[in-house]
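Chain by chain, the residues:
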Amino acid sequence: MNRRHHAVTVQQASAESPTLARLTALTRDSSDRLKAIELLIPAALRPTIQAGPIDGDSWCLLVKSNAAAAKIRQLLPALQAHLRSRGWEVNAIRLKVQT
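In this report, the structure presented in the accompanying data block is examined.

Criteria and thresholds
Residues numbered from 1 in each chain as written. Predicted model: local features only at pLDDT ≥ 70, side-chain atom pairs only at ≥ 80, totals over all residues. Heavy atoms only, no water. Helix = DSSP H or I, 4+ residues; strand = E, 2+ residues; numbered from the N terminus. Rg over C-alpha atoms; globule rule 2.2 N^0.38 Å. Contact = heavy atoms within 4.5 Å. Areas by Shrake-Rupley, 256 points an atom, 1.4 Å probe, with all protein chains shown as cover. Lys, Arg positive; Asp, Glu negative; His and termini not counted. Charge placed at Lys NZ, Arg CZ, Asp CG, Glu CD. Buried < 20%, exposed > 50% of the residue type's maximum accessible area, 1.4 Å probe, protein only. Expected span 1.5 Å × (residues − 1). Arc of directions from axis to C-beta. Axes fitted to C-alpha atoms, helices over the stretch in contact; angles between N-to-C directions. Parallel < 35°, antiparallel > 145°, perpendicular 65-115°, else oblique. Left-handed = near helix turned anticlockwise from the far one by under 90°. Nonpolar A, V, L, I, M, F, W, Y, C, P; charged D, E, K, R; others polar. Pairing = 2+ DSSP bridges. Salt bridge = Lys/Arg side-chain N within 4 Å of Asp/Glu carboxyl O.

## Describing the overall build of the protein chain
So, step 1. Scanning the protein chain from N- to C-terminus turns up three helices and three strands.
So, step 2. Its C-alpha radius of gyration of 17 Å places the protein chain more than 25% over the 13 Å reference for a compact globule of 99 residues.
So, step 3. Its C-alpha atoms give the protein chain principal-axis dimensions of about 60 × 30 × 20 Å.
So, step 4. Long-range contacts, defined here as pairs at least 24 residues apart, represent 53% of the contacts in the protein chain between residues at least 6 apart.
So, step 5. Of the roughly 7000 Å² of accessible surface on the protein chain, a fraction of 53% belongs to carbon and sulfur atoms.
So, step 6. Here the protein chain carries 14 positive and 7 negative side-chain charges, and the mean point of each set is 7 Å from the other.

## Some remarks on the environment of alanine 7
So, step 1. Residue placement: alanine 7 occurs in the segment before helix 1 (10-16).
So, step 2. When its relative accessible area of 80% is taken as the criterion, alanine 7 is described as exposed.
So, step 3. Spatially, the C-alpha atom of alanine 7 lies 41 Å from that of isoleucine 72, the residues being 65 residues apart in sequence.

## Focus: helix 2 (residues 18-37)
So, step 1. Taking 1.5 Å as the rise per residue, helix 2 with 20 residues should run 28 Å; its terminal C-alpha atoms sit 29 Å apart, in good agreement.
So, step 2. By the burial criterion, the buried members of helix 2 are Ser30, Arg33, Leu34, Ala36 and Ile37. The buried residues of helix 2 occupy an angular sector of 160° when the element is viewed end-on, so they sit on one face. Away from its buried face, by an angle of more than 90 degrees, helix 2 presents the exposed residues Arg28 and Lys35.

## Some remarks on the packing of helix 2 against helix 3 (residues 66-85)
So, step 1. Where helix 2 meets helix 3, the closest approach of the two axes is 10 Å, and the angle between their N-to-C directions is 115°. Our classification of the angle between helix 2 and helix 3 gives roughly perpendicular. Crossing of helix 2 over helix 3 shows right-handed handedness. Listed contacts from helix 3 to Arg33, Ala36 and Ile37 of helix 2 are Leu79, His82 and Leu83.
So, step 2. Class assignment for the residues of the contact of helix 2 with helix 3 results in four nonpolar, one polar and one charged.

## Digging into the pairing of strand 1 (residues 49-55)
So, step 1. Relative to strand 2 (residues 58-63), strand 1 runs antiparallel, the two sharing five bridges. In the strand pairing of strand 2, isoleucine 54 is matched with tryptophan 59.
So, step 2. Connecting strand 1 to the antiparallel partner strand 2 that follows it, the hairpin turn spans two residues, and glycine 56 within it adopts a positive phi of roughly 65°.

## Examining the pattern of salt bridges
So, step 1. What the rule picks out here adds up to one salt bridge.
So, step 2. A salt bridge links arginine 33 to aspartate 29; its shortest N-O distance comes to 3.3 Å. Here the residue arginine 33 and the residue aspartate 29 both occupy positions in helix 2, the gap between them amounting to four residues, near one helical turn.
So, step 3. For arginine 33, a relative accessible area of 4% translates into the label buried.

Structural data, given as structure tokens:
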């Protein structure tokens, strides 16, 4: 039996796999959350932040330096309140420094 492998797009693969579909949805949700809070973050800090994983009502932001993380920590209550006002159930935002 010959098997031919055909390239498929991520969308096609996720449509055929519930696990990939869930992962794609979580990634999209995390990116949407970051877009929603972007204007609350000082412009100089925006390039240092990436959307991270979602775990229930906890969300993680990936930050490029300890200094940026310290500044963002001060903004966390406002960021959480803004996300909740937009319909996301976010009870905690974790910061992970990526060096």
